[in-house]
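Results of the structural survey
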Amino acid sequence: PKGVLYVTVPHLNDSFDRGRTVTDLQHLITDHELAAAGETQKLYERSRPHYEEWVRISQVNAGAPGRTDPQETARLIEELLGAREEIHFHTFTEHSYRALLEHFSTDVLPDMHLAEVTRNRTEIIGVLRRADLAHH
């Protein structure tokens, strides 16, 4: 009650994820539905493209050497996938993050109100308030 939710994500273009594909809202909705239904294997299977982008783009942007051997790249992707390594699975711009928060505050938790979406140098910041605080 009377809560405020302050959430941040890295901005795609101001992090080592620059160059990756922006995660669209429908992808996030499907992931949420699979997780809510306990479909962890299907959710896991959807992770492969995220790991592929991570190896091909994010790791290189973060300073890892570029990989030219396709077999070595494939091996690393399988290793990360098998270990279920934590990475930035999803990527956001200010526009895509606003769409997610609007969806969340409308369809998932409608007693929340999207109060603000802004950014600092590297992050996108979302502030949601309980509906009873939306006008204060």
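What comes next concerns the included structure.

Criteria and thresholds
- Residues numbered from 1 in each chain as written.
- Predicted model: local features only at pLDDT ≥ 70, side-chain atom pairs only at ≥ 80, totals over all residues.
- Heavy atoms only, no water.
- Pairing = 2+ DSSP bridges.
- Helix = DSSP H or I, 4+ residues; strand = E, 2+ residues; numbered from the N terminus.
- Axes fitted to C-alpha atoms, helices over the stretch in contact; angles between N-to-C directions.
- Parallel < 35°, antiparallel > 145°, perpendicular 65-115°, else oblique.
- Left-handed = near helix turned anticlockwise from the far one by under 90°.
- Contact = heavy atoms within 4.5 Å.
- Nonpolar A, V, L, I, M, F, W, Y, C, P; charged D, E, K, R; others polar.
- Core = buried A, V, L, I, M, F, W, Y, C linked by side-chain atoms within 4.5 Å.
- Buried < 20%, exposed > 50% of the residue type's maximum accessible area, 1.4 Å probe, protein only.

Read across the sheet, 3 strands follow the order β1-β3-β2 without closing on themselves; strand pairing throughout is antiparallel. Edge positions in the open sheet fall to β1 (4–10) and β2 (112–119), since each of these has one partner strand only. Neighbour to neighbour, the strand axes of the sheet diverge by 20° on average, direction disregarded. As paired elements, β2 and strand β3 (residues 123–130) share 7 bridges and run antiparallel to each other.

With that settled, the discussion passes to the packing of helix α1 (residues 25–36) against helix α5 (residues 94–108). It is the contact of α1 with α5, at a shortest axis distance of 10 Å, that shows an interaxial angle of 45°. Our classification of the angle between α1 and α5 gives oblique. Helix-helix and strand crossings are classified by hand; for α1 and α5 the assignment is right-handed. Residue-level contacts link Leu-25, Leu-28 and Ile-29 of α1 to Ala-99, Leu-100 and His-103 of α5. Classifying every residue of the contact of α1 with α5 gives 5 nonpolar, 1 polar and no charged.

Listed in full, the 10 residues of the largest apolar core are Val-9, Leu-28, Phe-92, Tyr-97, Leu-101, Met-112, Leu-114, Val-117, Ile-124 and Leu-128. Those elements that place two or more of their residues in this core are α5, β2 and β3. A total of 3 residues in this core trace back to one element, the largest contributor, which is β2. When sequence neighbours within four positions are dropped, the list of residues in contact with Met-112 reads Leu-5, Phe-104, Ser-105, Leu-128, Arg-129, Arg-130 and Ala-131.

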